[in-house]
Amino acid sequence: MAGELGWVALTVGLYVLARRGERGRLRGWGLVATAGALWVALRLTGTPPVRYSQALAPVTFLLAPATVALAVPLVRHWPLLAARGRRMVAAIAVGGLVSSFSAALLSVGLGLPGLWRTLLPHSATTPIALPLVAALGGSAELGAVATVLTGLIGSLVGPAGLARLGIRDRVAQGVALGTASSGIGTARAWREAPEMGAAAGLAMALSGVAIALLCLPFVNGRG
Amino acid sequence: MRDLAILLAFAAGGQWVADRLPWSPPGTVWGLVLLAAALKVGWVRMGWVEQGAEFLLGWLSLFFIPLVVNGIDVLGAMGWRAIELLAILAVSTTLGLIAAGWVAEGGLGVSPRRAAGEGELGHGR
């Protein structure tokens, strides 16, 4: 079917359409809908996902400057974030702890004892999570999928879900999204409000470090 | 173009730092910290990067699409195990969201100091 530029054009086009359809309860579903439609297109055309990933490399490349760009809302909203510094640090530590260890305990509880090594760092941003999965002796491929799914789940629960659970403050919602669902959660937070995105970006960076520290005691327990 | 060039330069600088440390957060996190510091001290002016930053952040979800497509493909090949994985991740991620959000809203009674009236729902965007 399409060449490399065709896949880029199709991806951008589908995503623009999906965003236009994101209203009411569908808010936040654009990313999943676009990816699902593209996966169907890959299957129908017999295109290997690895070829699609190669075609989209210029798009994925922009993740690096986009992550650095989070410094802009961070600096703009620094007084608001700094005023809640202690609370944010506590929230990031508790959120990272709960997310990591609940996944590990559920894995063991469901009779999947080896899976905890892959899921323990699932809430960390991918560049932090994957070396941790390797150090813990988990599956790199499954670890990559787990971090993406974690981000998707967090972005779908989203600010509306958090508000229903009684968490209504925008900065608190941003901290929750950045801590528990890293980059994709941060992207969702940014679309809601700049201060939410700033809080999420800071939480994503700090929770990655916190989760790494939580995992370190288990790195030598691979036997 | 200047905005993107500066953001790319900080991303590269962050990677340079990460590559030289034995264990380090990813280069993009260093780039974020370095740019935030440069903006705070005035070495980089907000006007030099804000348009490019807002453009990139506005499309941040788009850049994740190839990773999500790959995730769906791997899940599709996992069969029944995909349901178990999704269930574990859904529960643990939701618990992590609630725990972090609850503490950030003051659930543990940590430091009630906050900027009055800011950050509440209903301010609109």
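The structure presented is a predicted model; accordingly, all values stated were derived computationally and were not measured.

Engineer: Explain the overall build of chain A to me, please; I cannot follow it from the model alone.
Structural biologist: When helices and strands are tallied, chain A shows 13 helices and 0 strands. Reading chain A from its N end, one meets helices and strands in the order α-α-α-α-α-α-α-α-α-α-α-α-α. Against the globule reference of 17 Å for 223 residues, chain A gives a C-alpha radius of gyration of 18 Å, in line with a compact fold. Taken across its 223 residues, chain A has 57% of its residues classed as buried. Pairs at least 24 apart in sequence give 64% of the contacts found in chain A among residues at least 6 apart. Carbon together with sulfur atoms contributes 67% to the accessible area of chain A, which is approximately 8,400 Å² in total.

Engineer: Would you mind going over the packing of aromatic side chains with me for this structure?
Structural biologist: By the definition in use, this model includes 4 aromatic pairs over all chains. We note Arg19 of chain A situated over the ring of Trp59 of chain B; from NZ or CZ to the ring centre the distance is 4.8 Å.

Engineer: How should the interface of chain B and chain A be read in this particular structure?
Structural biologist: Size of an interface: often given as the accessible area lost when the parts come together. Taken residue by residue, the interface counts 80 residues in chain B and 101 residues in chain A. Together chain B and chain A conceal approximately 8,100 Å² of surface at their shared face, both sides included; 78% is due to carbon and sulfur atoms. Where Glu54 of chain B meets Arg76 of chain A, a salt bridge forms, and the shortest distance between an N and an O atom there is 2.8 Å. If you list the elements that add at least two residues to the side of chain B that touches chain A, you get helix 1 (2-19), helix 2 (27-41), helix 3 (46-58), helix 4 (65-78) and helix 5 (80-104) of chain B. Looking at the side of chain B that touches chain A, the element that brings in the most residues is helix 5 of chain B, giving 21 residues. Considering only residue class, the side of chain B that touches chain A consists of 51 nonpolar, 17 polar and 12 charged.

Engineer: Just to check I follow, could you spell out the pattern of salt bridges for this structure?
Structural biologist: Pairs can form between side chains of opposite charge whenever their charged atoms are close. All names here are of chain A. Per the stated rule, a full pass over the model turns up 7 salt bridges over all chains. The closest approach of N and O atoms between Arg170 and Glu195, which form a salt bridge, is 3.6 Å. With Arg170 in helix 12 (residues 170-192) and Glu195 in helix 13 (residues 194-219), this residue pair connects regions lying 25 residues apart in the sequence. Taking relative accessible area as the criterion, Arg170 reaches 7% and is therefore assigned buried. For Glu195, a relative accessible area of 12% puts it in the buried group. Measuring nitrogen to oxygen at the nearest pair gives 3.0 Å for the salt bridge that ties Arg188 to Glu192. Here Arg188 pairs with Glu192, and both are found in helix 12, just 4 residues apart, close to one helical turn.

Engineer: Help me understand the domain arrangement of chain A, please; the structure alone is not making it clear to me.
Structural biologist: Residue and element names in this part refer to chain A. Domain boundaries in chain A define domain 1 (4-61) and domain 2 (71-219). Taking only C-alpha atoms, the centre of domain 1 and the centre of domain 2 are 24 Å apart. With 8 residues of domain 1 in contact, the opposing surface of domain 2 contributes 6 residues. Summed over both sides, the interface of domain 1 with domain 2 buries roughly 670 Å², with 51% coming from carbon and sulfur.

Engineer: So what exactly am I meant to see when it comes to a nonpolar patch on the surface here?
Structural biologist: Residues and elements named next belong to chain A. A contiguous nonpolar patch, built from Val209, Leu213 and Leu216 and spanning about 260 Å² of accessible area, is present on the exposed surface. On the secondary structure map, Leu216 appears in helix 13. Leu216 gets classed as partly exposed once you look at its relative accessible area, which sits at 48%.

Conventions adopted
Residues numbered from 1 in each chain as written. Chains lettered and ligands numbered in written order. Predicted model: local features only at pLDDT ≥ 70, side-chain atom pairs only at ≥ 80, totals over all residues. Heavy atoms only, no water. Helix = DSSP H or I, 4+ residues; strand = E, 2+ residues; numbered from the N terminus. Rg over C-alpha atoms; globule rule 2.2 N^0.38 Å. Buried < 20%, exposed > 50% of the residue type's maximum accessible area, 1.4 Å probe, protein only. Contact = heavy atoms within 4.5 Å. Areas by Shrake-Rupley, 256 points an atom, 1.4 Å probe, with all protein chains shown as cover. Phe/Tyr/Trp six-rings, centres within 6.5 Å; stacked < 30°, edge-to-face > 60°. Lys NZ or Arg CZ within 6 Å of the ring centre and 35° of its normal. Buried area = accessible area lost by both parts, 1.4 Å probe. Salt bridge = Lys/Arg side-chain N within 4 Å of Asp/Glu carboxyl O. Nonpolar A, V, L, I, M, F, W, Y, C, P; charged D, E, K, R; others polar. Domains from an automatic or database assignment. Patch = residues over 30% accessible without salt bridge, like charges linked within 9 Å, V, L, I, M, F, W, Y side chains within 5 Å.

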